[in-house]
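Coordinates in review
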Amino acid sequence: MSHEPPRWGRRQLLRTGAVALGGAGVGWSAGAALLPAEPTASTSGRPGDATTPTSSAPTTGNATVEFHGAHQAGITTPPQAHLSLLGVDLLPAVGAEGLTRLMRLVSDDAARLSRGLPALADTEPELASRPARLSVTFGFGPSITADLLSNSGARLDPLPAFRTDRLDPAWGQTDLVVQICADDPLTVTHARRMILKDLTGLARLRWIQDGYRRAHGSEPEGTTARNVMGQVDGTINPAPADPDFSRLVWSERDGFAGGTFMVVRRIRARMESWDRVDRLGREAAIGRRLDNGAPLTGVNEHDQADFGATDQLGLPVIDPASHMARAHSTDPRQRILRRVYNYTVPDVSRPTGEDSGLVFIAFAADVEQQFIPIQQRLAELDRLNEWVTTIGSAVYAIAPGAPVGEFVGQRLLDQ
């Protein structure tokens, strides 16, 4: 009588390995030690074989981003070309113990994949061999920080309602967020699939927000990105070399030092009406030139804007209601680290045949002091509001980075 071989799932493999090696803790660390230091691939060159170039020259696919460290990757990491943002809810019966198991699983897989190694029990290990600067970032929503992390400094409040929001619950607040970024879309897709497998029995997926920027290598490094509306987007971002960068981005709260807070806003652009606005009208609404992002009072992108300048008729050169003017503040605390991606999904009900806009992601050490005042000014009066609408909104506490041997959020959950 023939017997089918047993079907091995991830959790069966974990349990079996742990018993064989004398316990769950030993099984975890020993399993990691069995992995090769670097991914291997066939170089036979025979027809039909998967081959890798014999040249030692580095490629985009081989580039890695370190997963472990004082801060999580994917925050100050130069933005990769592709994004997949996952909104996740814990199942009702899952408490601190279940969240601990979940974070241990996803952290281990993310660390492996970031190195170009397959996830544990990866059924498509060849897809992991090109990390392409993969970064995976984890965050906790207000319900988690209040109920399961209340002893840490991670606690945060939901974002308030803003006057111009038209929020769709489908893109709303979730318990957890996972930001997956890489310069290769197949790498992102594979990492997402591995992370989603880890959620089985512990959490469920609520939404996915995919986004894109220019393809890696299509512009010089450091070039400010453009959004689907044609704007240079992110000129005033603080840089890690700035003296106030740490204060603006990294929390100093007891029990949460080295963490940060993430704001996620899904902003729909009404491209069918934006297309009817001439170039001068677009630049007036933004307050910047479209060709290079310079303020209307300047020549180059990073020129200081002169909000008091007037034209021959005595009118402000930069409209006080322009997006640039409304976002501007003289308060040095009101700065955020933007990490913006475009989104485009088919929608045949719209004249353009698609729904386009921004997956707006921002990081701040204090959302209440840094982000909310800016957004309130924009909601009160911003000429761009005629063409953009926020349809999704959420906020998360991004745990400090995990040292080697720990998982993300471990020290928060241990408090």
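Criteria and thresholds
- Residues numbered from 1 in each chain as written.
- Predicted model: local features only at pLDDT ≥ 70, side-chain atom pairs only at ≥ 80, totals over all residues.
- Heavy atoms only, no water.
- Helix = DSSP H or I, 4+ residues; strand = E, 2+ residues; numbered from the N terminus.
- Contact = heavy atoms within 4.5 Å.
- Axes fitted to C-alpha atoms, helices over the stretch in contact; angles between N-to-C directions.
- Parallel < 35°, antiparallel > 145°, perpendicular 65-115°, else oblique.
- Left-handed = near helix turned anticlockwise from the far one by under 90°.
- Nonpolar A, V, L, I, M, F, W, Y, C, P; charged D, E, K, R; others polar.
- pLDDT = per-residue confidence, 0-100.
- Phe/Tyr/Trp six-rings, centres within 6.5 Å; stacked < 30°, edge-to-face > 60°.
- Buried < 20%, exposed > 50% of the residue type's maximum accessible area, 1.4 Å probe, protein only.
- Lys NZ or Arg CZ within 6 Å of the ring centre and 35° of its normal.
- Expected span 1.5 Å × (residues − 1).
- Pairing = 2+ DSSP bridges.

1. Structural notes on the side chain of Gln-375
Its place among the elements puts Gln-375 in helix 10 (residues 367-380). When neighbours within four sequence positions are excluded, Gln-375 is seen to be in contact with Phe-162 and Arg-265.

2. Observations concerning the packing of helix 3 (residues 96-114) against helix 5 (residues 185-198)
Close contact between helix 3 and helix 5 brings their axes to 9 Å; oriented N to C, the two are set at 160°. Compared by their axis directions, helix 3 and helix 5 come out roughly antiparallel. Handedness of the crossing formed by helix 3 with helix 5: right-handed. Between helix 3 and helix 5, the contacting residues are Leu-102, Leu-105, Val-106, Asp-109 and Leu-113 on the first element and His-190, Ala-191, Met-194, Ile-195 and Asp-198 on the second. Partitioned by chemical class, the residues of the contact of helix 3 with helix 5 number seven nonpolar, one polar and two charged.

3. Some remarks on the confidence of the model for the chain
Here the chain averages 89 in pLDDT, and 86% of its residues register 70 or above. Note that pLDDT drops below 50 for residues 1-8; the model gives that stretch two contacts with residues more than four away or on any other chain.

4. Comments concerning the environment of Glu-252
Its location among the elements puts Glu-252 in the loop between helix 6 (245-249) and strand 5 (260-269). The spatial distance from the C-alpha of Glu-252 to the C-alpha of Ala-365 is 7.9 Å, given a sequence separation of 113 residues.

5. Some thoughts on the packing of aromatic side chains
Taken as a whole, this structure holds four aromatic pairs when the rule is applied. Ring geometry for Phe-162 against Phe-371: centres 6.5 Å apart, planes inclined by 85°, an arrangement best described as edge-to-face. Placement of Phe-162 in the loop between helix 4 (142-147) and strand 3 (176-182) and of Phe-371 in helix 10 is noted, with a sequence separation of 209 residues between them. Neither Phe-162 nor Phe-371 differs from the other in exposure class; each is buried. Following the ring pairs from residue to residue traces out a cluster consisting of Phe-162, Phe-360 and Phe-371. Over the ring of Tyr-341 we find Arg-213; its NZ or CZ atom is 5.4 Å from the centre of that ring. The ring centre of Tyr-343 lies 3.8 Å from the NZ or CZ of Arg-266, which sits over that ring.

6. Overview of helix 3
Each turn of an α-helix holds 3.6 residues, which means side chains three or four residues apart point in the same direction. Its 19 residues give helix 3 an end-to-end C-alpha distance of 26 Å, which sits within 8% of 27 Å, the value for a rise of 1.5 Å per residue. Counted residue by residue, helix 3 has 14 buried out of 19 residues, so it is predominantly covered. Downstream of helix 3 by one or two residues, Gly-116 has phi in the positive range, about 85°.

7. Describing the pairing of strand 5
Judged by how many residues are buried, strand 5 sits mostly within the fold: nine of 10 residues are covered. Summarising the sheet, strand 5 and strand 9 (residues 388-398) pair through 10 bridges and their orientation is antiparallel. When the bridges of strand 9 are listed, Arg-265 appears paired with Ser-393. In terms of strand pairing, strand 5 meets strand 8 (residues 354-364) through nine bridges, oriented antiparallel. Note on strand 8: the bridge partner recorded for Val-263 is Ala-362.

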